[in-house]
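# Summary of the model geometry
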Amino acid sequence: IDSNVRWLRMRGNGMTGVLNMSCICNLRKLEILHLGRNLIHDTTIECVVSSLKELQLAENAIYDFIPTCGADGESFFPELERLDLSFNNIRTVPGYEASVCLPNLKELLLEENSITGNDYGGLFDAKLFPVLQHLDLTKMGSQDYLYQLTFDNSIVQFLSLAKNLL
């Protein structure tokens, strides 16, 4: 793939297993990556993808929130603004011990996952998501997580808790 590609759509290609996102490291101008409707169950990455603004991994079989921090605490996705992990099997979002490094994330879509919390509390607070404006937690499958979640984030303007039988 040419390193000048800005938008890459690989939706519905039957990709299975672990996705090693390091394969996009050489795509220096890539801004949008769509990998939805595959059978990806986990992701790994070992490089910084500095140009990526939108990552769509909806409708896969992902169990864990994607890795976002290097060993040194550097963000793998420093310019990412939109992350769509809807319709997966994600159970937890990393807390303070296993941090989230998405300093520019404005929109996080987690619709129809099974998030039940984490051991640290403050799942979507301003320390983890400093510029988050849009958070979609539609149809999460369990009401219990709501009692564990804290939304100590004054930046969030849109919060969807629809279809959670509250």
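Residues numbered from 1 in each chain as written. Predicted model: local features only at pLDDT ≥ 70, side-chain atom pairs only at ≥ 80, totals over all residues. Heavy atoms only, no water.

## Let's talk about the overall build of the chain
The cut-off we apply is this: Each helix is a run of DSSP H or I of at least 4 residues and each strand a run of E of at least 2, with the numbering of both proceeding from the N terminus. Each residue is assigned to one of three classes by its accessible area relative to the maximum for its type, calculated with a 1.4 Å probe on protein chains only: buried under 20%, partly exposed between the two thresholds, exposed over 50%. Here, residues are in contact when the closest pair of their heavy atoms is within 4.5 Å.
Assigned secondary structure in the chain consists of one helix and nine strands. When the helices and strands of the chain are listed from N to C terminus, the series reads β-β-β-β-β-β-β-β-α-β. Sorting the 166 residues of the chain into buried and exposed places 45% on the buried side. Sequence-distant contacts in the chain: of pairs separated by 6 or more residues, those separated by 24 or more amount to 66%.

## Observations regarding the pattern of salt bridges
To keep it simple, the criterion reads: In the sections that follow, a salt bridge refers to a side-chain nitrogen of Lys or Arg positioned within 4 Å of a carboxyl oxygen of Asp or Glu.
Applying the stated rule across the entire model yields six salt bridges. Its salt-bridge partner being Arg-82, residue Glu-107 comes within 3.4 Å of it at the nearest N-O pair. With Glu-107 in strand S7 (residues 107-109) and Arg-82 in strand S6 (residues 82-84), the pair connects residues that are 25 residues apart, well separated along the chain. According to the relative accessible area criterion, Arg-82 is partly exposed, its value standing at 23%. Because the salt bridges share partners, they merge into one network encompassing Arg-11, Arg-37 and Glu-59.

## Things to note about the nonpolar core
Our working definition: By convention a nonpolar core is built from buried Ala, Val, Leu, Ile, Met, Phe, Trp, Tyr and Cys residues, the set being connected through side-chain atoms within 4.5 Å.
Ranked by size, the top nonpolar core spans 40 residues in total, and within it Leu-55, Phe-77, Leu-83, Leu-108 and Phe-129 carry the most contacts. Leaving out residues up to four positions away in the same chain, Leu-108 has contacts with Phe-65, Leu-83, Phe-124, Phe-129, Leu-132, His-134, Leu-135 and Asp-136.

## Here's the deal with the state of the cysteines
Our working definition: Pairs of cysteine sulfur atoms within 2.5 Å are identified as disulfides in what follows.
As enumerated under the stated definition, the model contains two disulfides in all. Residue Cys-25 pairs covalently with Cys-47 via a disulfide, S to S 1.5 Å. The sign of the S-S torsion, about -75°, decides the handedness of the disulfide formed by Cys-25 and Cys-47: left-handed. Of this pair, Cys-25 sits in the loop between strand S2 (16-20) and strand S3 (32-34) while Cys-47 is found in the loop between strand S4 (39-44) and strand S5 (54-56), placing the two residues 22 residues apart along the sequence. On the accessibility criterion, Cys-25 (14% relative accessible area) is buried. Disulfide pairing is shown between Cys-69 and Cys-101; the S-S distance is 1.8 Å. On the sign convention where negative is left-handed, the bridge of Cys-69 and Cys-101, at about 105° about the S-S bond, is right-handed. Of this pair, Cys-69 sits in the loop between S5 and S6 while Cys-101 is found in the loop between S6 and S7, placing the two residues 32 residues apart along the sequence. Going through the chain in sequence order and numbering each bonded cysteine, the pairs you get are 1-2, 3-4. Free cysteine: Cys-23, not disulfide-bonded; nearest cysteine sulfur from Cys-25 at 7.8 Å.

## With respect to the side chain of Ser-86
Counted only if it meets this: Polar contacts, as used here, are pairs of N or O atoms within 3.5 Å; protein pairs need one atom able to donate a hydrogen and one able to accept it. Residues neighboring in sequence count only if both atoms are side-chain atoms.
For Ser-86, the location among the structural elements is in the loop between S6 and S7. In this structure the side chain of Ser-86 is engaged in a polar contact, spanning 3.4 Å, whose partner is the backbone nitrogen of Glu-111. Apart from residues lying up to four places away in sequence, Ser-86 is in contact with Ala-58, Glu-59, Leu-109, Leu-110, Glu-111 and Asn-113.

## Description of the sheet that holds strand S8 (residues 134-136)
For the record, the criterion: Two strands form a pair only when DSSP identifies at least two bridges running between them. Comment: axis = line fitted to C-alpha atoms, over the contacting stretch for helices; angle = value between 0 and 180 degrees taken between N-to-C directions.
Strand order in the open sheet formed by seven strands is S1-S3-S5-S6-S7-S8-S9, and the pairing between neighbours is parallel. Looking at which strands have only one partner, the edges of the open sheet turn out to be strand S1 (7-9) and strand S9 (158-160). Strand after strand, the sheet turns through a mean of 0° between neighbouring axes, direction not considered. Sheet analysis places S1 next to S3, joined by three bridges and oriented parallel. The residue bridging Trp-7 from the neighbouring strand is Ile-32, located in S3.

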